[in-house]
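# Summary of structural features
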Amino acid sequence: MKQWTKEIEINAPIDRVWKYLDGSLENMQKIMPQVVSNEPVTITEGMVGSVYLQKYKEGKRVMEYEVETLDYLDTPNEKKLKVGFTLGGMFEITARYALVKIGDEKTRFSYTATNKPLKWFVKLFLLFGSDKVVVDFVERVKRVAEKEVGN
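The present account deals with the structure reproduced in this document. (Residues numbered from 1 in each chain as written. Predicted model: local features only at pLDDT ≥ 70, side-chain atom pairs only at ≥ 80, totals over all residues. Heavy atoms only, no water.)

Turning to the sheet that holds strand β1 (residues 2-10), a few remarks are in order. Taken in spatial order, the seven strands line up as β1-β7-β6-β5-β4-β3-β2 in an open sheet, and their pairing is antiparallel. Since the sheet does not close on itself, it has two edges, and those belong to β1 and β2 (35-42), each with one partner. Ignoring which end each strand starts from, the neighbouring axes of this sheet average 20° apart. Strand direction decides the pairing type here: strand β6 (residues 91-103) and strand β7 (residues 106-117), joined by twelve bridges, are antiparallel. Within β7, the residue paired with Thr94 across the bridge is Thr114. (Pairing = 2+ DSSP bridges. Helix = DSSP H or I, 4+ residues; strand = E, 2+ residues; numbered from the N terminus. Axes fitted to C-alpha atoms, helices over the stretch in contact; angles between N-to-C directions.)

As paired strands, strand β3 (residues 51-58) and strand β4 (residues 61-74) are joined by eight bridges and run antiparallel to one another. Directly across from Tyr56, in β4, lies its bridge partner Met63. Here β3 folds back onto β4, and the loop between the two strands holds two residues, one of which, Gly59, carries a positive phi near 70°. Looking at chain direction, β4 and strand β5 (residues 78-87) are connected through six bridges and run antiparallel. Note that in β5 the partner of Asp74 across the bridge is Lys79. Once β4 ends, the chain turns through three residues before running back antiparallel as β5.

Next up on the list: the layout of surface pockets. Quantified by volume, the largest pocket comes out at close to 1200 Å³. Together, 42 residues line the largest pocket, and Tyr56, Phe85, Ile93, Tyr111 and Val133 are the ones closest to its centre. Here the element with the most residues in the lining of the largest pocket is helix α4 (residues 132-149); it accounts for six residues. Its residues assigned to classes, the lining of the largest pocket comprises 28 nonpolar, nine polar and five charged. (1 Å grid on protein atoms, 1.4 Å probe; cavity = no way out; pocket = protein on both sides within 12 Å on 5 of 7 lines; lining within 4 Å. Points joined across faces, edges and corners; volume = space filled by probe spheres on them. Nonpolar A, V, L, I, M, F, W, Y, C, P; charged D, E, K, R; others polar.)

Here the focus is the nonpolar core. Ranked by size, the top nonpolar core spans 35 residues in total, and within it Leu21, Tyr97, Phe109, Tyr111 and Phe137 carry the most contacts. Elements supplying a minimum of two residues to this core: β1, α1 (14-21), α2 (25-31), β4, β5, β6, β7 and α4. In terms of residues, this core owes the most to one element, α4, which gives six residues. Here Phe109 is in contact with Lys6, Glu7, Ile8, Ile10, Leu21, Tyr97, Ala98, Leu99, Phe137, Val138 and Val141, once residues within four sequence places are set aside. (Core = buried A, V, L, I, M, F, W, Y, C linked by side-chain atoms within 4.5 Å. Buried < 20%, exposed > 50% of the residue type's maximum accessible area, 1.4 Å probe, protein only. Contact = heavy atoms within 4.5 Å.)

With that settled, consider the pattern of salt bridges. If you walk through the whole model with that rule in mind, you get twelve salt bridges. Between Lys55 and Glu64 there is a salt bridge, and its shortest N-O distance comes to 3.6 Å. Exposure remark for Lys55: the relative accessible area of 31% places this residue in the partly exposed category. Put simply, Lys101 and Asp104 hold a salt bridge, and the shortest N to O gap is 3.5 Å. (Salt bridge = Lys/Arg side-chain N within 4 Å of Asp/Glu carboxyl O.)

We now examine the packing of aromatic side chains. This structure, assessed with the given rule, holds six aromatic pairs. When the centroid spacing of 5.8 Å and the interplanar angle of 55° are considered together, the rings of Trp18 and Tyr72 count as tilted. Here Trp18 is found in helix α1, whereas its partner Tyr72 is found in strand β4, with 54 residues between them in sequence. For the pair formed by Trp18 and Tyr72, the shared burial category is buried. Put simply, the rings of Tyr97, Phe109, Tyr111 and Phe137 touch in pairs and so form one group of aromatic residues. (Phe/Tyr/Trp six-rings, centres within 6.5 Å; stacked < 30°, edge-to-face > 60°.)

So far we have only geometry, and geometry alone does not tell us how the molecule works.
The structure is reproduced here in structure tokens:
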């Protein structure tokens, strides 16, 4: 299994950043433009165990998978969301988003992605994996959030 983590400070209120992760499809698409659908299948009290049917467009291909909420916290000063899904029967993937309020207009954002191969022959792909996707993602979240608050 491979794991990548990146942390960044964003000059935007914590609730502004949170809405991209725990909000409407329209808000989610601002930071994840390849997600074309995110429909609830099962919503649980407390959110942990909730399942969404998500569609993701890669080039001309649309992949569909169930995303399960594994961890969820929504307080005024700290917010966490961890989701997991299986991609194409080949990889078990988790994404953990953590936000900490460090001021009225500043948020610390941490993103951790894990990728576990489910077939022996795909383990080779992970040998060449880098943190580029994780770095690009946190920078996109920062850019979008700061643009919307005018920073």
